[in-house]
Amino acid sequence: MDDEKRSAVAPRWRGKAGRLEVWYATLSDPLTRAGLWIHHEIVAPTSGAPYAHGWTTWFPSDGPPLTERFGPVPAQPASSAAWFDHAGARACPEELSGRAGSLAWDLSWKDTGTPLWTFPRVAWERELLPGAQVVLAPTADFAGSLTVDGTDHSVDGWRGAVAHIYGHGNAKRWGWIHADLGDGDVVEAVAAVSHKPGLNRLAPLAFVRCRIDEKDWPTSVLPSLRMRTTLGVRHWQLEGRIGGRNVLIRVDQPPERCVSLLYTDPDGGTVVCTNTEQADIHIDIDDRHWSVLGTGHAEVGLRGAEAPAVNERTPR
């Protein structure tokens, strides 16, 4: 494994309080538009014992999402090849497996490409921001099996990504997309307002990274300062200029395809994240256009009066 990939995948938490570390995978069946979200999380509260937990959400092609949780259990810093190995869920290089309630998964994944640095690599490695994310496998191919309430589903040729987050907690509000454009092309974007005092008064700051025609763009490590973000639970967008090009990203998250979950920060604060692996995403860069219909990965996180009601749609 080269230094770049090692930096992206290596666990960062070493026991310090007030930290949050996440590994997640999102994947879609390009034929049926079914999707899966597997989220592993270690929370080290500012006061209290660290714990590990997570959830898996199944997005069927013909029904509402189904979420099952695993943990919480006491957490210790990673001491094996696995990034996360708690409460019956395991995430490690090229493997995701576990069981939570009526869901069980045993997946392998491969990606020969390099990580996609949504945030500047230097900010990730030196922890210069309150939180950062890197997509360690931006064009992953998934295979294996998924069991939903006793029914087996084959995972073969599903496409998606595996990513890693580390920092002091969740943003005050954010929008995120992962759009597989086909032929190895992909767009990853995060637009967020920090939860830190002072920074929480700013407009959303957009980080947009594309891999198109085997080239990563924009080449600048800076955020896209000329992008304007309009956040909403059902519809949101990014619009402006990046590197002299006109960019418009429009995201539709139909409510019937979404799940809204409560996140808890290390300081005890909460935020509601509305996620779907079945979004419709439209991307324009100058005169080039892509539409990802029913297989876009997207979410919006909001707090307080802005946040929607929690709706996990778990089985009874």
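Residues numbered from 1 in each chain as written. Predicted model: local features only at pLDDT ≥ 70, side-chain atom pairs only at ≥ 80, totals over all residues. Heavy atoms only, no water.

## Some thoughts on a nonpolar patch on the surface
Item 1. On the surface, a nonpolar cluster with roughly 240 Å² of combined accessible area is contributed by Val122, Leu128 and Leu129.
Item 2. Residue class for Leu128 comes out exposed when judged on its relative accessible area of 56%. (Patch = residues over 30% accessible without salt bridge, like charges linked within 9 Å, V, L, I, M, F, W, Y side chains within 5 Å. Areas by Shrake-Rupley, 256 points an atom, 1.4 Å probe, with all protein chains shown as cover. Salt bridge = Lys/Arg side-chain N within 4 Å of Asp/Glu carboxyl O. Buried < 20%, exposed > 50% of the residue type's maximum accessible area, 1.4 Å probe, protein only.)

## Here we look at the packing of aromatic side chains
Item 1. Overall, the coordinates contain ten aromatic pairs when judged by the stated rule.
Item 2. Considering the side-chain rings of Trp23 and Trp83, the 6.4 Å spacing of their centres and the 15 degrees angle between planes classify their relative orientation as stacked. One end of the pair, Trp23, is in strand β1 (residues 19-28); the other, Trp83, is in the loop between β4 (66-74) and β5 (84-86), with 60 residues separating them in the sequence. As far as the burial class goes, Trp23 and Trp83 line up, both buried. (Phe/Tyr/Trp six-rings, centres within 6.5 Å; stacked < 30°, edge-to-face > 60°. Helix = DSSP H or I, 4+ residues; strand = E, 2+ residues; numbered from the N terminus.)

## Describing the sheet that holds β5
Item 1. The ten strands lie next to each other as β4-β3-β2-β1-β10-β9-β8-β7-β6-β5, forming an open sheet whose pairing is antiparallel. Looking at which strands have only one partner, the edges of the open sheet turn out to be β4 and β5. On average, adjacent strands in this sheet sit at an angle of 20 degrees to one another, irrespective of strand direction. (Pairing = 2+ DSSP bridges. Axes fitted to C-alpha atoms, helices over the stretch in contact; angles between N-to-C directions.)

## Considering the layout of surface pockets
Any empty space left between atoms is shown by rolling a water-sized probe over those atoms.
Item 1. There is about 870 Å³ of room inside the largest pocket.
Item 2. Secondary structure elements with two or more residues in the lining of the largest pocket: β1, β2 (35-44), β9 (131-148), β11 (173-182), β12 (185-193) and β13 (205-212).
Item 3. Partitioning the lining of the largest pocket into residue classes produces 22 nonpolar, eleven polar and five charged. (1 Å grid on protein atoms, 1.4 Å probe; cavity = no way out; pocket = protein on both sides within 12 Å on 5 of 7 lines; lining within 4 Å. Points joined across faces, edges and corners; volume = space filled by probe spheres on them. Nonpolar A, V, L, I, M, F, W, Y, C, P; charged D, E, K, R; others polar.)

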